[in-house]
Amino acid sequence: MKKLFTLLLSLCFVQAFAAKPKNQYIRITTSKGECIIKLYNETPLHRDNFIKLAKEGYYNGTLFHRVIKAFMIQGGDPDSKNAKPDSLLGNGGPKYTIPAEFRDSLFHKKGVLAAAREGDNTNPEKASSGSQFYIVQGKVFTDSMLNVLEEKRLKFKIPAWQREVYKTIGGVPHLDRNYTVYGEVVKGLEMVDQIAEAVTDKNNRPKEDIKMTVSVLTKRETKRLEKELAKKARQKHT
């Protein structure tokens with residue numbers, strides 16, 4: 001009887017472990033549509049912090065307060081909630097930073113989620129803001145443009161496979177290895193393009209407030225999403 005109980009307990013543990021999703025996703029909903037972002041397991045500090053804040057409702061009601069077309073859309077400043085139209089935003093956040101988690105395989109292609117941060121002068125370790133983030137829109141590059149960027153601005157050569165992505169999908173390569181990339185849009189990239197079209201003021205803040213609601217996908221939603229993504233991937237290669 002004791003052996004049977006131990007066996008059943010072990011099976012329950014295995015099933016519970018197997019049921020845990022391999023990837024975690026968050027949903028951002030705005031008046032310009034919604035998107036779903038997969039958080040990278042390669043950047044666990046940023047992943048876990050974002051999930052914690054999302055579950056607390058930290059981002060709900062905050063704005064995409066800085067928008068630059070062909071570059072990125074930025075949000076996550078708690079001071080943006082109910083902010084007056086003329087107020088300068090971008091300095092708010094929790095009283096902590098997150099250590100940089102640079103990964104050569106994670107780069108600034110269109111649709112990635114990355115952490116905002118203070119400049120190098122005051123932040124030589126390039127630690128990330130505790131809450132502020134941006135989603136890349138970027139632009140498409142040519143080989144000659146990338147060559148100039150490598151020579152004038154970057155201190156490394158862009159890998160060939162990443163160059164192909166920048167030449168087709170686009171992005172902002174000059175930010176690579178300077179800001180932590182920790183997720184990517186897997187559905188609803190149109191939302192980013194819609195927000196990037198917003199009319200902005202001199203501080204790059206949209207004149208019409210674009211508020212967000214952020215939630216974490218449930219296990220059931222995650223399974224449904226991954227089935228959908230797998231189906232699209234199969235259709236793409238047939």
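Residues numbered from 1 in each chain as written. Predicted model: local features only at pLDDT ≥ 70, side-chain atom pairs only at ≥ 80, totals over all residues. Heavy atoms only, no water.

Student: Tell me about the packing of aromatic side chains, residues and numbers included.
Tutor: Enumeration according to the criterion identifies ten aromatic pairs in this entry. Taken together, a centroid distance of 5.6 Å and an interplanar angle of 65° make the contact between phenylalanine 50 and phenylalanine 133 edge-to-face. Here phenylalanine 50 is found in helix H2 (residues 44–56), whereas its partner phenylalanine 133 is found in strand E8 (residues 133–136), with 83 residues between them in sequence. Relative accessible area serves as the criterion here: at 1%, phenylalanine 50 is assigned to the buried category. Given a relative accessible area of 0%, phenylalanine 133 falls into the buried group. A centroid spacing of 5.6 Å and a plane angle of 80° characterise the contact between tyrosine 58 and tyrosine 59, whose relative ring orientation is edge-to-face. Cluster of aromatic residues (ring-pair linked, three or more members): Phe50, Tyr58, Tyr59, Phe64, Phe133 and Tyr182. One cation-aromatic arrangement involves arginine 117 over tyrosine 179; the distance from NZ or CZ to the ring centre is 4.3 Å. (Phe/Tyr/Trp six-rings, centres within 6.5 Å; stacked < 30°, edge-to-face > 60°. Helix = DSSP H or I, 4+ residues; strand = E, 2+ residues; numbered from the N terminus. Buried < 20%, exposed > 50% of the residue type's maximum accessible area, 1.4 Å probe, protein only. Lys NZ or Arg CZ within 6 Å of the ring centre and 35° of its normal.)

Student: Hey, could you go over helix H4 (residues 160–168) for me, with residue numbers and the actual values?
Tutor: Among the residues making up H4, those that are buried are Gln162, Arg163, Val165 and Tyr166. The buried side chains of H4 occupy one side of the element, clustering within an arc of 160° when seen end-on. Turned more than 90 degrees away from the buried face of H4 sit Ala160 and Thr168, all of them exposed. The inward-facing, buried residues of H4 contact helix H3 (143–152). After H4 finishes, the residue glycine 170 shows a positive phi value of roughly 95°. (Arc of directions from axis to C-beta. Contact = heavy atoms within 4.5 Å.)

Student: Tell me about the UniProt feature "domain: PPIase cyclophilin-type" (unreviewed entry) in the protein, and name the residues and values.
Tutor: In the numbering used here, UniProt assigns the feature "domain: PPIase cyclophilin-type" (unreviewed entry) to residues 33–217. Across residues 33–217, the secondary structure splits into 22% helix and 21% strand, with the terminal C-alpha atoms separated by 17 Å. (UniProt positions renumbered as here; feature names shortened; annotations may be inferred.)

Student: Describe the pattern of salt bridges, listing the residues and the values that go with them.
Tutor: By the definition in use, this model includes 17 salt bridges. We note a salt bridge from lysine 157 to glutamate 150, for which the minimum N-O separation is 3.5 Å. When its relative accessible area of 65% is taken as the criterion, lysine 157 is described as exposed. With a relative accessible area of 9%, glutamate 150 lands in the buried category. Note that lysine 167 and glutamate 164 form a salt bridge whose closest N and O atoms lie 3.0 Å from each other. On the criterion of helical spacing, the pair formed by lysine 167 and glutamate 164 is a turn pair, its members being three residues apart in helix H4. A relative accessible area of 25% means that lysine 167 is categorised as partly exposed. Among the residues examined, glutamate 164 registers a relative accessible area of 42% and is labelled partly exposed. (Salt bridge = Lys/Arg side-chain N within 4 Å of Asp/Glu carboxyl O.)

Student: Can you explain the environment of leucine 39? Please cite residues and give values.
Tutor: Take leucine 39: it is sitting in strand E2 (residues 33–39). When the C-alpha positions of leucine 39 and valine 112 are compared, they lie 9.6 Å apart, and in sequence the two are 73 residues distant. If we skip the residues at most four places from it in the chain, leucine 39 touches Gln24, Ile26, Arg47, Phe50, Ile51, Leu113, Tyr182 and Gly183.

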